Every structure is written in C-alpha cells, then in structure tokens.
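The chain contents come next:
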Amino acid sequence: CHIAYNYTQPVDIRALKTEFDRIMAAQEREFSRLYGTTCDGCGGPATIQYTIWSDVFECFRCGGKIVLWDVAVDATTGKVKEEFECPHCGIVARKTKHQRIGTEPVLTNFECDSECRPKRRDHPVTDYERRLVAEVETTEIPWWFPTNPFGSDREMWRGQHRDLGINRVCDFYTRRNLRALAGVLDRIQDVKDVRIRSALLFWFTGVLQIASRMSSFRFDSRNPENTAGGIHKGTLYVPSLSKEGAIPGLFRNKWSYLPRAFPERNGIVFVATGSADSIEVRSESIDYIFTDPPFGSNIFYSDCSILWEAWLQDFTDRTKEAVWNKSLKPEAGGKTLDDYAGIMAGAFREMH
C-alpha cells in the first residue's frame, strides 16, 4: 500500500524538494560527525562514502582471530579465496570450518572535500575511524528506531543471524547508519503536510535495504571506486564482506530519480491491503485481474519485508500469508502444504 499509494498519487515536487533540502541541511552537522574523516592526499577534511566490514572468525584449530578481508581477498585479481590460511597456525580451510565471532571495519572509501585528484580514494580503516565507530556504538541514539524482535519464529532466521548478534530489526544496521536513519526519520515525522510526509517516507524506505548490513561488497579490480555489490533479493542474507554506504550519499542518490516515480495528475485509484480471499470491492465489478501468485516455500514475503514494515510500524498479518513453511513447524505458527493450498483456493475463489 505504501508503494502503490506513492506511485499513483501526484505530489508537489517543488515542495517535496524544499523539505528534502531542509532535512538534509538540518542533519548536516550530524552527518559530518558520523562520516567525517581525513584525506590521505592533502591532510584536509574528507567525507566517508562507504566502509567495508569483514567477517571475523575464530580458528577451529588454534582459536586465533582471523579477519576474512586480511587472509582471503586478493587485491591484484579481485578474487576472494574459498580456502585460506590461518595467520596463526597455518591451517588451510574454508570459512565454514571456523566459528564466526563478529565483524569489523577494514577499508574506507572517502571523497576529499578540497581539490585533490582523484577525489575518491580508499585507505585501510584508520585509528581515528575505529575510535569513531566505537564511540557511536557506545552512545545512546536520541531518536526512535525499530527494536522489533527477529528470531527463530521467522522462517528466514538463520544461524548466521545468531552469530552476528542480529536479534532485532535494528541489528541489521551498523550503529552509525542506524543513528543516521533514525535522525532523518525524526525530521520526516515532523512534516505536517500528509502527502509530502508520505512521499518523504517513500524516499526513506527506498534506502533501508541498501543501507543495512545485507548490502554486499564484491571486490572488483577493474572498478577503481569498487562500487560493485547489492542485496541478495528474496533473502535476509548478511554477506561476509558488507558495504556500509554512508546515509547522506544514499539519500542524495535516491533523489536523482525519485521525482519521476510520481504521476503528474490525479487518477481514480483504490489502494487497499488485506487477504485476497476477501477483496473489498463490489462483486462482479472487475473487468481484469493481474496477479502474481506467491511461490509457496520459495519466498517468505513478510520476512523479506521486515525492515520496511518495522520502520513503518505496519506489519503483515502472517496468519493470512500464503506460504508453505519448511523450517517453522505448525505448532510454532508455520503452514503446511495443505494450509498453503487452502489459502490459495480461497484467493482464486474470491477473484472468480
């Protein structure tokens, strides 16, 4: 409904841009504190564009700490080794043999605020940047953010989430990006015009996945800015090398094409949410139905949507969700193939 409403209702683009600029300006000091660093070239101020975070493992043989970035990434070829050597005991193994114990920042991509060429550069995470991350992680966030639980009652919960300390929706974000997102959302909620506020929320939710720890980094030696990556769609997978994109840049990039998403004039559009076995329109009044039926046990839609739904605080009624659970047992709220078939039959009956 959030997406459909914004795609079908026009908005005053000029007024929307005014609010966009106001919010970004109001958060500028906060952004500078969170994403400020120093340029290697001139020694002047620079702005972090993204930070690479690497999985950290405990060696199964000697118990030593293994930072995946340090032992598996070949900077000359751009490849990540499937097997690598423990720097402490020399055992060669895949990462699945070791115990994942956390993540840490390993590389910073920044842009010089002065006249350096090239403006964009990389450097290993500096001591200052590590102290900044540590400070942010121990500082209270003064704005609301979603703390809804994410655990074994969700079909898409995996052991990796447990290993990475992801027990709540907010844990899908680095503390820095979580703080930046919470500050922007607080400004959006103060906008009095309902249509402008909804459009701003559309802009906000558009970056929630790419701003999370699910954003992957693929080292590409042919790409000097190493911007390859993205989200593994249809999953809640957190990659071993994740890309923490700086929130200001993600928001500004989204604005470049957002105005084209809104229609130029009003149409007669009815948007509703609910179960397809009880559609809120008059019977025998529909000429054509275009539907994309759910894929049984392949995609769990409410789980995939948990980040958006938690930030909007509007959740799918999972009792009506047409899925076939493979991990979640019926006694824990899961659905069997017969349950899935029954829900699908009810939907087709109502459409007919």
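None of these values were measured; they are calculated from a predicted model.

Remark: a regular strand shows side chains that alternate across the two faces of the sheet. Among the 14 residues in strand β2 (residues 45-58), 10 count as buried, and that is most of the element. With three bridges joining them, strand β1 (residues 36-38) and β2 adopt antiparallel strand pairing. Each bridged residue has a counterpart across the sheet, and for T38 the counterpart in β2 is P45. As consecutive antiparallel partners, β1 and β2 are separated by six residues, and within that stretch G43 has a phi angle of approximately 80 degrees, a positive value. Of the pairings in the sheet, the one linking β2 to strand β8 (residues 99-112) comprises 12 bridges and is antiparallel in character. Looking at β8, one finds that V56 is bridged to G102. The sheet contact formed by β2 and strand β12 (residues 241-245) spans five bridges and is antiparallel. Within β12, the residue paired with I52 across the bridge is K243. Bridge analysis of β2 against strand β3 (residues 65-67) gives three bridges, and the strand direction is antiparallel. Opposite F57, over in β3, you have I66 as the bridge partner.

Moving on, we come to the pattern of salt bridges. The final tally for this structure, using the stated rule, is 17 salt bridges. The partner of R22 in a salt bridge is E19, with the nearest N and O atoms 2.8 Å apart. Of the two residues, R22 and E19 both sit in helix α2 (residues 13-26), three residues apart, roughly one turn of that helix. Where E30 meets R33, a salt bridge forms, and the shortest distance between an N and an O atom there is 4.0 Å. Of this pair, E30 and R33 are both found in helix α3 (residues 28-35), three residues apart, which corresponds to roughly one turn of the helix. With a relative accessible area of 14%, E30 lands in the buried category. If you follow the salt bridges from partner to partner, you end up with E30, R33, E135 and R179 in one network.

Counted by the stated rule, this structure contains 12 aromatic pairs. Note on Y7 and F202: the rings are 5.4 Å apart at their centroids and 80 degrees apart in plane angle, and the pair reads as edge-to-face. Residue Y7 is located in helix α1 (residues 2-8), and its partner F202 is located in helix α8 (residues 194-205); the two are separated by 195 residues in the primary sequence. Between W203 and F251, the ring centres sit 4.5 Å apart and the planes meet at 45 degrees, which makes this aromatic pair tilted. Taken together, the residues W203 in helix α8 and F251 in helix α9 (residues 247-255) connect sequence positions 48 residues apart. For the pair formed by W203 and F251, the shared burial category is buried. Of the aromatic side chains, those joined through ring pairs into one cluster are F20, W144, Y173, W203, F204, F251, W255 and W311. When the ring centre of F60 is taken as origin, the NZ or CZ atom of K97, which lies over that ring, is 4.8 Å away.

So, about the side chain of N6. Within the secondary structure layout, N6 lies in helix α1. Accessibility expressed as a relative area gives 0% for N6, which makes it buried. Within polar-contact distance, the side chain of N6 engages the backbone oxygen of H2 at 2.8 Å. Setting aside anything within four residues of it in sequence, one finds N6 in contact with R195, S198, A199, F202, A261, F262 and P263.

What follows concerns the side chain of Q9. Residue position: Q9 is located in the loop between α1 and α2. With relative accessibility at 17%, the residue Q9 sits in the buried group. When near neighbours in sequence (up to four residues on either side) are disregarded, Q9 contacts R195, F262, P263, N266 and V269.

Attention now moves to unusual backbone geometry. Across the junction of R117 and P118, the peptide omega takes the value -5 degrees, indicating a cis bond. Assignment of secondary structure puts P118 in the loop between β8 and β9 (120-124). The phi angle at E284 is positive, at roughly 55 degrees, despite the residue not being glycine. Mapped onto the elements, E284 comes out in the loop between α9 and α10 (301-304). A positive phi angle, close to 55 degrees, is found at Q313, a residue other than glycine. You can see Q313 is positioned in the loop between α11 (306-312) and α12 (337-351).

Basis of the calculations
- Residues numbered from 1 in each chain as written.
- Predicted model: local features only at pLDDT ≥ 70, side-chain atom pairs only at ≥ 80, totals over all residues.
- Heavy atoms only, no water.
- Buried < 20%, exposed > 50% of the residue type's maximum accessible area, 1.4 Å probe, protein only.
- Helix = DSSP H or I, 4+ residues; strand = E, 2+ residues; numbered from the N terminus.
- Pairing = 2+ DSSP bridges.
- Salt bridge = Lys/Arg side-chain N within 4 Å of Asp/Glu carboxyl O.
- Phe/Tyr/Trp six-rings, centres within 6.5 Å; stacked < 30°, edge-to-face > 60°.
- Lys NZ or Arg CZ within 6 Å of the ring centre and 35° of its normal.
- Polar contact = N/O pair within 3.5 Å; in protein donor to acceptor, adjacent residues only side chain to side chain.
- Contact = heavy atoms within 4.5 Å.

The quantities given are spatial measurements derived from coordinates; they are silent on function.
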